[in-house]
Amino acid sequence: MAKREKIQKMTKDEIPSSEPLGDVEQQDLATASATAQPDAEKRMVLTPEAKRLWDGNNLGIQTAGLYGPRESRPLGWHDLEDRSNFLDRPLTVEDIAELHSEDPSAPTDEVVCGFCQKTIGQPIVRTALVKNEVKREGDVVGDLVCDRDGNVVYRGQAVVVGRPMAVQPGHVGNCLFKLRDAREKTRQLADRRTVRDLLPSQAFDQAQARLEGVTATFAARKEQNSSFRDRIGFGGKGDGFNSPHRRATAGRQSRDPRERNIGNRG
Ligand SMILES: [Zn+2]
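Note that the structure is a prediction, hence the values are computed from the model and not measured. (Residues numbered from 1 in each chain as written. Predicted model: local features only at pLDDT ≥ 70, side-chain atom pairs only at ≥ 80, totals over all residues.)

Visitor: Quick question: what am I supposed to make of the overall build of the protein chain here?
Guide: The number of helices and strands found in the protein chain is nine helices and eight strands. The buried share of the protein chain, taken over its 266 residues, is 20%. In the protein chain, of all internal contacts separated by at least 6 residues, the share reaching a separation of at least 24 is 59%. (Helix = DSSP H or I, 4+ residues; strand = E, 2+ residues; numbered from the N terminus. Buried ≥ 20, exposed ≤ 12 C-beta atoms within 10 Å, placed from the backbone. Contact = placed C-beta atoms within 7 Å.)

If you want it as structure tokens, here you go:
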């Protein structure tokens, strides 16, 4: 507080006192003293090296619609400001890499786009999410969104989509947008709950982990359902009460494919 007063006093002292201040100048000075910090105290948000990455749109750090929606940028200047305030220093090249970089969990061999089926030649990227507001207890502005285990949560080019659900990569921009459009598609589970047929785009390892989580949940529910059917006497194979799908699956598994072909011809 003492420091701030001293700086404000200095600011006032710096105004040439030879001429009386006009109304507008007086007002400006009052506003400046009350709200803004003098430039000398303003924090540098990026080191010069980090600023070059930002200005050069390194790895598409400022590209609108990178992960969709089309008009939104993966990171804004306010994110950098919040992050810099949180870390209490200008952001370095390493800090920028933590926010936006190549996805180290992406496959290293040729990656084919899940939408256009062409190879993705550009590096696969991922971007962290900076907390810009306190949404729940314990949130600190400028901190990164993390999962329960403390791992940074990323947006990236991997989408969990399709039937069966699978991790699919997309070209940034339109392809990823189209892949993500499937988010509007829903399907109804046996218990009549409606679920979306897609998980948002993420880093590859996170998309894989989520897919495994969803698969495990489905498997557990299926197991629960079939043990319920067993208990009430509808569970046995070939008892005539299985669903058509189950019957078809069982038939495919037990029959020799050649036999099926013969059958089809007849
Ligand atoms: Zn594509």
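Visitor: Before we go on, may I ask you to explain helix 4 (residues 77–87) in this structure?
Guide: For helix 4, the set of buried residues is Asp-79, Leu-80, Asp-82 and Arg-83. For helix 4, the buried positions fall inside an angular range of 165° around the axis, keeping them on one side. The exposed set on the far side of helix 4, more than 90 degrees from its buried face, consists of Trp-77 and His-78. Those residues of helix 4 that are buried are in contact with helix 5 (93–99). (Arc of directions from axis to C-beta.)

Visitor: Would you take a moment to explain the nonpolar core for this structure?
Guide: Considering soluble globular proteins, one finds that nonpolar side chains tend to be buried as a cluster. In terms of nonpolar packing, the biggest core is built from 31 residues, with Ala-158, Val-159, Leu-176, Leu-179, Phe-204 and Ala-207 touching the most fellow members. Ranked by residues supplied to this core, first place goes to strand 4 (residues 158–161) with four residues. (Core = buried A, V, L, I, M, F, W, Y, C linked by C-beta atoms within 7 Å.)

Visitor: Honestly, the pairing of strand 4 in this entry has me stumped. Any pointers?
Guide: Successive residues of a regular strand alternate their side chains across the two faces of the sheet. Residues Ala-158 and Val-160 of strand 4 are buried on one face, and the alternating residues Val-159 and Val-161, pointing to the opposite face, are buried as well. Strand direction decides the pairing type here: strand 4 and strand 5 (residues 166–169), joined by four bridges, are antiparallel. Within strand 5, the residue paired with Val-160 across the bridge is Val-167. Between the end of strand 4 and the start of strand 5, which pair antiparallel, lie four residues, with Gly-162 showing a positive phi angle near 100°. (Pairing = 2+ DSSP bridges.)

Visitor: Mind showing me how you'd approach the confidence of the model for the protein chain here?
Guide: Put simply, the protein chain has an average pLDDT of 75, and 63% of its residues get 70 or more. Note that residues 6–18 has pLDDT below 50 and, in this model, nine contacts with residues that lie over four places away or in other chains. Contacts from residues 236–266, a stretch scored under 50 in pLDDT, to residues over four places away or in other chains number four contacts. (pLDDT = per-residue confidence, 0-100.)

Visitor: I'm lost on the environment of Arg-52 in this one. Help?
Guide: Mapped onto the fold, Arg-52 is located in helix 3 (residues 48–55). Given 13 C-beta atoms within 10 Å, Arg-52 falls into the partly exposed group.

Visitor: Could you clarify how one ought to interpret helix 6 (residues 174–181) in this entry?
Guide: Spacing of three or four residues puts side chains on the same side of an α-helix, whose turn is 3.6 residues. Among the residues of helix 6, Cys-175, Leu-176 and Leu-179 are the ones counted as buried. Looking down the long axis of helix 6, one finds its buried residues gathered within 95° of arc, a one-sided arrangement.

Visitor: Where do I start with the environment of Gly-142 in this structure?
Guide: With respect to the secondary-structure elements, Gly-142 resides in the loop between strand 2 (125–128) and strand 3 (154–156). Each C-alpha atom, one on Gly-142 and one on Leu-80, is 8.2 Å from the other, the two residues being 62 residues apart in sequence. For Gly-142, the contacting residues outside a window of four places in its chain are Asp-82, Arg-83, Asn-85, Phe-86, Val-130 and Lys-131.

Visitor: Explanation requested: the sheet that holds strand 3 in the structure shown.
Guide: Paired through their backbone hydrogen bonds, the strands of a sheet run either parallel or antiparallel. What the three strands build is an open sheet, ordered 1-2-3; its pairing is antiparallel. The outermost strands of the open sheet, each flanked by one partner alone, are strand 1 (100–102) and strand 3. Across the sheet, the mean angle from the axis of one strand to that of its neighbour is 30°, orientation sign disregarded. One ladder, built from three bridges, connects strand 2 with strand 3; its direction is antiparallel. Within the sheet, the bridge partner assigned to Arg-126 lies in strand 3 and is Gly-156. (Axes fitted to C-alpha atoms, helices over the stretch in contact; angles between N-to-C directions.)

Visitor: Looking at this structure, how should I read unusual backbone geometry?
Guide: If a residue is not glycine, its phi is most likely negative; likewise, a peptide bond is most likely trans. Despite not being glycine, Asn-57 has its phi angle at roughly 55°, a positive value. Tracing the backbone shows Asn-57 in the loop between helix 3 and helix 4. The phi dihedral of Gln-117 is positive, around 65°, even though this residue is not glycine. Structurally, Gln-117 can be placed in the loop between strand 1 and strand 2. Owing to 8 C-beta atoms within 10 Å, Gln-117 belongs among the exposed residues under this scheme.

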